[in-house]
Amino acid sequence: MNENSPFFQKIINYIGWVGYGNVGDEALYFAIQNAFSKYKLVPISHYYMSGITLFGGGTLLPVWPIFIMPNTYNYGYGLGVVDPEFFEYQYGPKARRFYKYAVMKTLNVNFRMVGVRGYFSKRILSEWGLESENIGDPCLLFKPNVNVKRNEKLVAVNVGSSINEPIWGNDVNVVLNAIEKFCGKIKREGYEVRLVVFSESDLPYNYKLASKLNLPILKAYKDEIQSVVNFFSSCKAIIGERLHSIVLSAATYTPIISLEYNPKCLEFAENMEFQDYQIRTSEIDYTILLELFEKLIE
């Protein structure tokens, strides 16, 4: 048997939202697996396969430790922390008690090391008394193939956070209306617009846009991650709502406009110093979006 086979590999239990068709979470798993190539990362279901547990990328703290028993050795790598104010904004005043309980469960995990994806997460953990290091988002490790050429007229648009996940403003239609006007405008100016869907739950929004503007849809959640990275690398610019649409854009050095539906988008923008090219979904406006795009292109 080959010595590189899983039988001979050391195993690490992996905590992350794997296997649910979300491009960002799948990309995180593969990026972290590549970073720890000497080990086999096994997404856990009901039992541990080793004495080491790694909380992978994603906004896992403080909620996930409620459902995950502490292991002998526990680590965090590139993860994010839920903004307590946004958590209350999402779920109401009663969520404050739940959040405090989740923080207590997180502190009971007894992490040996925690690497977070941004300074905002690091600051929150510090307030809890948990030290961490800002290592950035693991998906920045992806790189496009060297033969990919940039199309100066191709613009990718990713829109639609999960229908089960509240956003700033809590009105998806406001976002869709602004994006519809924006896509129509730049299409008339000669740009080739491609809608890129990162989760199947986002399809209803994108079908609406596609039918109104006759736009093609790239169902990225059905493709290999490297194919998505290569496609982003071929774009002139990317307008992204889901966090990892902007993370993978940054990985390919493609200019980005971020639609901040959640503070985690702002955290990444500030970490990469492109917060000037970000607009919150509660404040989105077609004219502002167009001005940002024109400034970005210049």
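Residues numbered from 1 in each chain as written. Predicted model: local features only at pLDDT ≥ 70, side-chain atom pairs only at ≥ 80, totals over all residues. Heavy atoms only, no water.

## Here we look at the overall build of the protein chain
Part 1 of the argument: Counting its regular elements, the protein chain contains 10 helices and 13 strands.
Part 2 of the argument: Against the globule reference of 19 Å for 298 residues, the protein chain gives a C-alpha radius of gyration of 20 Å, in line with a compact fold.
Part 3 of the argument: Along the three orthogonal principal directions, the C-alpha set of the protein chain runs to about 60 × 55 × 30 Å.
Part 4 of the argument: Residue burial in the protein chain is summarised as follows: out of 298 residues, 53% are buried.
Part 5 of the argument: Across the protein chain, the fraction of contacts at a sequence separation of at least 24, relative to all contacts at a separation of at least 6, is 64%.
Part 6 of the argument: Between the centroid of the 30 positive side chains of the protein chain and the centroid of its 31 negative side chains there is a distance of 4 Å. (Helix = DSSP H or I, 4+ residues; strand = E, 2+ residues; numbered from the N terminus. Rg over C-alpha atoms; globule rule 2.2 N^0.38 Å. Buried < 20%, exposed > 50% of the residue type's maximum accessible area, 1.4 Å probe, protein only. Contact = heavy atoms within 4.5 Å. Lys, Arg positive; Asp, Glu negative; His and termini not counted. Charge placed at Lys NZ, Arg CZ, Asp CG, Glu CD.)

## Examining the pairing of strand β2 (residues 39-43)
Part 1 of the argument: Both strand β1 (residues 10-15) and β2 contribute to a ladder of five bridges, which runs parallel. Residue pairing across strands places Ile12 opposite Leu41, the latter belonging to β2.
Part 2 of the argument: With respect to chirality, the unit in which β1 leads through helix α1 (residues 23-35) into the neighbouring parallel β2 is right-handed. (Pairing = 2+ DSSP bridges. Right-handed = clockwise from strand over helix to strand, strands pointing away.)

## A closer look at unusual backbone geometry
Part 1 of the argument: In the segment running from Leu61 into Pro62, the intervening peptide bond is cis, with an omega of 5 degrees.
Part 2 of the argument: Mapped onto the elements, Pro62 comes out in the loop between β4 (58-61) and β5 (73-81).
Part 3 of the argument: The backbone of Asn110 shows a phi angle near 60 degrees, a positive value even though the residue is not glycine.
Part 4 of the argument: Residue placement: Asn110 occurs in the loop between α3 (95-107) and β6 (113-116).
Part 5 of the argument: One non-glycine residue, Tyr253, lies in the positive phi region at around 60 degrees.
Part 6 of the argument: Relative to the elements of secondary structure, Tyr253 occurs in the loop between α8 (243-251) and β12 (256-260).

## Details of the packing of aromatic side chains
Part 1 of the argument: Applying the stated criterion to the full structure yields 18 aromatic pairs.
Part 2 of the argument: With a centroid separation of 6.0 Å and 70 degrees between ring planes, the pair formed by Phe268 and Phe274 is classed as edge-to-face. Comparing Phe268 with Phe274, the two get one shared label, buried.
Part 3 of the argument: The rings of Phe87, Tyr91, Phe98, Tyr99 and Trp128 are connected pair by pair, giving a single aromatic cluster.
Part 4 of the argument: The positively charged end of Lys153 is found above the aromatic ring belonging to Tyr191, 4.4 Å away from the centroid.
Part 5 of the argument: Seen from the ring of Trp168, Arg280 lies directly overhead, with NZ or CZ sitting 4.0 Å from the centre. (Phe/Tyr/Trp six-rings, centres within 6.5 Å; stacked < 30°, edge-to-face > 60°. Lys NZ or Arg CZ within 6 Å of the ring centre and 35° of its normal.)

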